[in-house]
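Inside the fold
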There are 2 protein chains.
Amino acid sequence: MKNIIDLPNATAERIPMYYRYLKMLEENQVQRIKSQEFSKIVHVPSATIRRDFSCFGELGRSGYGYDVVFLEKTFAKVLNIERLEKIALIGVGNLGLALIKNNFRRNPNLQITIAFEVNETLTDTIVSGVPIYGMDLLKEKIKENEITTAISTVPSSDANQVLQNLAAAGVHAVLNFAPERLDIPEGMTVRYIDLTSELQNLIYLSNRNQARIENDMVDQF
Amino acid sequence: MKNIIDLPNATAERIPMYYRYLKMLEENQVQRIKSQEFSKIVHVPSATIRRDFSCFGELGRSGYGYDVVFLEKTFAKVLNIERLEKIALIGVGNLGLALIKNNFRRNPNLQITIAFEVNETLTDTIVSGVPIYGMDLLKEKIKENEITTAISTVPSSDANQVLQNLAAAGVHAVLNFAPERLDIPEGMTVRYIDLTSELQNLIYLSNRNQARIENDMVDQF
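Source: prediction; values computed, not measured. (Residues numbered from 1 in each chain as written. Chains lettered and ligands numbered in written order. Predicted model: local features only at pLDDT ≥ 70, side-chain atom pairs only at ≥ 80, totals over all residues. Heavy atoms only, no water.)

1. A word on the sheet that holds strand β10 (residues 189-192) of chain A
All names here are of chain A. Rule in force here: Whether two strands pair comes down to DSSP finding at least two bridges between them. A run of H or I in DSSP counts as a helix once it spans at least four residues, and a run of E counts as a strand once it spans at least two, with each numbered from the N terminus. Helix axes use the C-alpha atoms of the stretch in contact, all axes being lines fitted to C-alpha atoms, and the angles between their N-to-C directions lie in the range 0 to 180 degrees.
Pairing is mixed across the open sheet formed by seven strands, whose spatial order is β6-β7-β5-β4-β8-β9-β10. Edge strands, defined here as strands with exactly one partner in the open sheet, are β6 (125-127) and β10. Strand-to-strand twist of the sheet, defined as the mean angle between neighbouring strand axes without regard to direction, takes the value 30 degrees. Sheet topology places strand β4 (residues 85-90) next to strand β5 (residues 110-116); six bridges connect them, and they run parallel. For Glu 85, the partnering residue across the bridge sits in β5 and is Leu 110.

2. Here's the deal with the UniProt feature "binding site: NAD(+)" (unreviewed entry) in chain A
Residues and elements named next belong to chain A. For clarity, the threshold we go by: UniProt positions are given in the numbering used here, feature names are shortened, and annotations may be inferred rather than shown by experiment. The contact rule is simple, with two residues in contact once any of their heavy atoms fall within 4.5 Å. A simple rule labels every residue: compare its accessible area, found with a 1.4 Å probe on the protein chains alone, to the largest value its type can have, and call it buried under 20%, exposed over 50%, or partly exposed in between.
The feature "binding site: NAD(+)" (unreviewed entry), as annotated in UniProt, sits at Gly 91, Val 92, Gly 93, Asn 94, Leu 95 and Gly 96 in this numbering. Checked against the element boundaries, Gly 91 lands in the loop between β4 and α5 (94-102). If we skip the residues at most four places from it in the chain, Gly 91 touches Gly 96, Phe 116, Glu 117, Met 135, Thr 153 and Val 154. Residue classification places Asn 94 among the partly exposed residues on the basis of a relative accessible area of 29%.

3. Some points on the UniProt feature "DNA-binding region" (unreviewed entry) in chain A
Under the local residue numbering, the UniProt record ascribes the feature "DNA-binding region" (unreviewed entry) to residues 17-56 of chain A. Segment residues 17-56 of chain A splits into 70% helix and 5% strand. End C-alpha atoms: 16 Å apart.

4. Here's the deal with a negative patch on the surface
Stated formally: Each patch is built from residues that are more than 30% exposed by relative accessible area and take part in no salt bridge. Like charges join if they lie within 9 Å; nonpolar side chains (Val, Leu, Ile, Met, Phe, Trp, Tyr) join within 5 Å. Note on areas: these come from Shrake-Rupley sampling with a 1.4 Å probe, and a residue is covered only by the protein chains present in the view. Within this document, salt bridges are pairs made up of a side-chain nitrogen of Lys or Arg and a carboxyl oxygen of Asp or Glu, the two lying within 4 Å of each other. His is not counted, nor are the chain ends, whereas Lys and Arg count as positive and Asp and Glu as negative. The atom standing in for a charge is NZ when the residue is Lys, CZ when it is Arg, CG when it is Asp and CD when it is Glu.
Negative charge collects at one region of the surface, where Glu 120, Asp 124, Asp 136 and Glu 140 of chain A lie side by side. Relative to the helices and strands, Asp 124 of chain A resides in the loop between β5 and β6.

5. Here's the deal with the relation of the copies chain A and chain B
Here is the rule we go by: The atoms used to superpose the copies are C-alpha atoms, taken from residues with pLDDT of at least 70 in both, and the fit is least squares.
Of the transformation superimposing chain A on chain B, the axial component is 0.0 Å and the angular component is 180 degrees, with the fit at an RMSD of 0.1 Å. Look at the turn and shift together and you get a two-fold axis relating the two. When the interface residues of chain A are mapped onto chain B, 100% of them again lie at the interface, so the same face is used by both copies.

6. Some words on the packing of aromatic side chains
Applicable threshold: For Phe, Tyr and Trp, rings pair up if their centres lie within 6.5 Å, where Trp contributes its six-membered ring, and each pair is then called stacked (planes under 30 degrees apart), edge-to-face (over 60) or tilted (otherwise).
Per the stated rule, a full pass over the model turns up 16 aromatic pairs over all chains. When the ring of Tyr 18 of chain B is compared with that of Phe 53 of chain B, the centres are 5.2 Å apart and the planes differ by 80 degrees; the resulting orientation is edge-to-face. Within this pair, whereas Tyr 18 of chain B is found in helix α1 (residues 9-27), its partner Phe 53 of chain B is found in helix α3 (residues 46-54), the two being separated by 35 residues in sequence. With a relative accessible area of 1%, Phe 53 of chain B lands in the buried category. Measuring from centroid to centroid gives 6.2 Å for Tyr 18 of chain B and Phe 75 of chain B, while their planes differ by 25 degrees, and the two rings are stacked. Of this pair, Tyr 18 of chain B sits in helix α1 while Phe 75 of chain B sits in helix α4 (residues 68-79), and the two are 57 residues apart along the sequence. The residues Tyr 18 of chain B and Phe 75 of chain B share a single accessibility class, namely buried. An aromatic cluster is present here, built from Tyr 18, Phe 38, Phe 53, Phe 56, Tyr 66 and Phe 75 of chain A joined pairwise through their rings.

7. Observations concerning the sheet that holds strand β9 (residues 173-176) of chain B
All names here are of chain B. Strands sit in the order β6-β7-β5-β4-β8-β9-β10 across an open sheet of seven strands; the sheet is mixed. Two strands close off the open sheet at either side, each with one partner strand: β6 (125-127) and β10 (189-192). Averaged over all adjacent pairs, the angle separating strand axes in this sheet is 30 degrees, with direction ignored. Two strands pair when backbone bridges link them, and β6 and strand β7 (residues 130-133) are joined in this way by three bridges, in the antiparallel orientation. When the bridges of β7 are listed, Val 127 appears paired with Val 130. In the packing of helix α7 (residues 156-168) onto the sheet, contacts are made with β4 (85-90), β8 (149-152), β9 and β10, and the angle to β9 comes to roughly 160 degrees.

Structure, rendered in structure tokens:
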């Protein structure tokens, strides 16, 4: 098995998704699966699946398929899935509230355990079991709870400052909902989720698809 | 300029982001920008930027850079940004409510105009100016409003049925927050946003980065 740090990025990106489907298969008592069958479930080409799985050693046998439980356990180990990941939420607006209330219930090992907010009607309250502190306690509380992962939903104008404060508190993984690209402190990993761009991309790609479909229809005459 | 349907997918994916930064530059009275400077802002290699921009004809001159306003107007046209895009929201839980309340205010041309929900305490009410109907009115109301774009936040168990109903109502673009891959009706374009997987990927990639940093430190001795 390759060392975790040597996996190709593209493979690494797919592992959480593979893991989720393997878990579903295991729950449905499926013991073995061929790459072609798995391909139809996860919508990834079977050659890519075989290449990805091969990074973890000889897990499949021709004509027999892959052992679902074994793969699932391998990926769980790679993802460190058994470890409870405590998460700090920065910014408890509408989106932040939705995140606290849902709190990744599909995955009991991901858990927002503390939150920070500037709005004083929310600070020093507890929402869905999550205490909400003022921003002045950010560094202290995050260190105290040994948290290394955060979700930021603060406005773009505050996002860079929040990132600096999080870095100073020892956080090295941040999921960021502000769309502007940030100055990322050294050693920190940031992922962006930008719903406006996602929607614009969707509409644009869909219009392009529609244009293609209409083109094809014209070509038929 | 290449026909919109002939653009490479990867280029198409980057256009909304390019557009957003160009607009920011224009608002800050920046008239010209070189690909190297733009690269630092958008975190895309300058060679990729030049290749992407070249799909739209000769927009830049060596040593002079690209005309910001011209590029911005070109991309606005490609993205059809001036057109008001009415959006239907399916599922008004915590996340759905956050989406209605924020309602893409950064982009006035994207607007959730109607919503649908099973929970009867919400149906037949108006939240932040958005009427919420029961699911039985989905097809009728979407057709009536000539809506072709939808956001679905319904649970995985209902997502496929919702997708079929949306297709029947004439919707061809869906942003989907349920993580499981769906049976996509013909001619429909679907994008998935899966916050749990995003977070798992983030934590995994960050741990990998941390391991690399520690590795490098060991190598120094």
